[in-house]
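Each chain, letter by letter, is given below.
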Amino acid sequence: MIKRIKSIFNGFGAPRLPVQSEAFDAGQVDSGNGLTEAELNDILSAVKPFTMVHESGVRFGMQQVLQAVERNVPGVIVECGVWRGGCSLAMLLAQRKKFGRVVRPVYMLDSFQGLPPVTTRDGPLARHWQEGADPPNFFENCTASKDDLQNVLDAHGFAQSEYKIFSGWFSDTLPNVVSLLKTQAIALLRLDSDWYDSTLDCLNHLMPLVSKEAVVIVDDYYAWDGCARAVHDFLSRSDSSYRIRSLYNCYGAYFVKRPFRENFDVL
Ligand SMILES: C[S@@+](CC[C@H](N)C(=O)[O-])C[C@H]1O[C@@H](n2cnc3c(N)ncnc32)[C@H](O)[C@@H]1O
């Protein structure tokens, strides 16, 4: 839910984000993933109507999925909170463009009923937002249609084996995902579910399945207090030393599941 960060921060007088350039220059982020700029732009145009994530975040997701394949990080790709599916679609299209096929299926989880009600852990800004304080970025409380997503995937000709949609509240669908993935793992986890409970549920259920050296993207780390709090609580309770790294302009964060630093030359 990144496009609205700036208006939220400005609207409520909270600190401004560190970089305030309106024009995004793709050269400012490392998209090094072997696709040409023209190929990346084709994918970005195709997914734009279906995502609210900033272009830099979509690029990062594509880069990470391709790197996971090339580095042989075991497992499938999982996105929790897909809305209209633009980020997941980009991760599918990037694989098809680079490898000629989808090497790692993309699992997509969403309620398709919008966001659950905020709790106190999500902070006052989230409550204001859900009460309607930011109409241009409300998107009907982030409600999307599963049928529309299915139509988009069909229009691109993706086979059923290349993705799975889990429709419903995470608390109901995560146990199914976990049992389906019992013999597999997760090579890239993309969390984009805004609130404390949603984010923590995903971390609790899915982190044990995330492969060592896999990347976990947390789209809303800077956008919402509850999301940041969930990440901190999870990392602390699991006694993890994973370092949190910021994405371009604080449009999200990520960490690598690396239990300890193994060598003096690699951060
Ligand atoms: C900001 S949107 C995701 C944006 C999307 N990744 C994109 O590319 O634009 C957040 C999504 O998380 C979903 N969500 C949040 N909490 C959830 C929960 N507990 N169970 C199921 N879906 C949830 C909402 O339905 C919503 O579609």
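Refer to the structure printed above.
Described below are features of the structure shown in this document. Remember, it's a predicted structure, so these values are computed and weren't measured experimentally. (Residues numbered from 1 in each chain as written. Predicted model: local features only at pLDDT ≥ 70, side-chain atom pairs only at ≥ 80, totals over all residues.)

**Things to note about the sheet that holds strand β7 (residues 253–256)**
The condition is simple: Paired strands are those between which DSSP finds at least two bridges. In this description a helix means any DSSP run of H or I spanning at least four residues, a strand means any run of E spanning at least two, and both kinds are numbered starting from the N terminus.
Taken together, the 7 strands give an open sheet; going across it, the order is β3-β2-β1-β4-β5-β7-β6, and neighbouring strands pair in mixed fashion. Each edge of the open sheet carries a strand with a single partner, namely β3 (163–167) and β6 (245–246). Where β6 lies against β7, 2 bridges are found, and the strand directions are antiparallel. Within the sheet, the bridge partner assigned to Ser-246 lies in β7 and is Ala-253.

**Quick notes on helix α10 (residues 225–237)**
A turn of α-helix holds 3.6 residues, and therefore any two residues three or four places apart point the same way. Let me state the cut-off plainly: What a helix is expected to span follows from its residue count: subtract one and scale by 1.5 Å. We call two residues in contact whenever the C-beta atoms placed from their backbones are within 7 Å.
Over its 13 residues, α10 extends 18 Å from the first C-alpha to the last, a length consistent with the 18 Å expected when each residue adds 1.5 Å. Packed against the buried residues of α10 are α5 (123–130), α9 (196–206) and β5 (210–218). Taken from the residues just after α10, Asp-239 is the one with a positive phi, measuring 55°.

**A short note on the packing of helix α2 (residues 37–47) against helix α3 (residues 55–70)**
How we decide: For helices, the axis comes from a line fit to the C-alpha atoms of the stretch in contact; other axes are also lines fit to C-alpha atoms, and the angle between any two N-to-C directions lies between 0 and 180 degrees. Here roughly perpendicular refers to angles of 65 to 115 degrees, roughly parallel to angles under 35, roughly antiparallel to angles over 145, and oblique to all remaining angles. Throughout, a crossing is termed right-handed when the near helix is turned clockwise from the far one, and left-handed when it is turned anticlockwise from it by less than a right angle. When residue character is reported, Ala, Val, Leu, Ile, Met, Phe, Trp, Tyr, Cys and Pro are called nonpolar, Asp, Glu, Lys and Arg charged, and the others, Gly included, polar.
Running from amino to carboxyl end, α2 crosses α3 at an angle of 120°, the nearest separation of the two axes being 11 Å. Relative to α3, the element α2 lies oblique. Both α2 and α3 take part in a crossing whose hand is right-handed. Seen from α2, the contacting residues are Leu-40, Ile-43, Leu-44 and Val-47; seen from α3, they are Glu-55, Val-58, Arg-59 and Met-62. Within the contact of α2 with α3, the residues separate by chemical class into 6 nonpolar, no polar and 2 charged.

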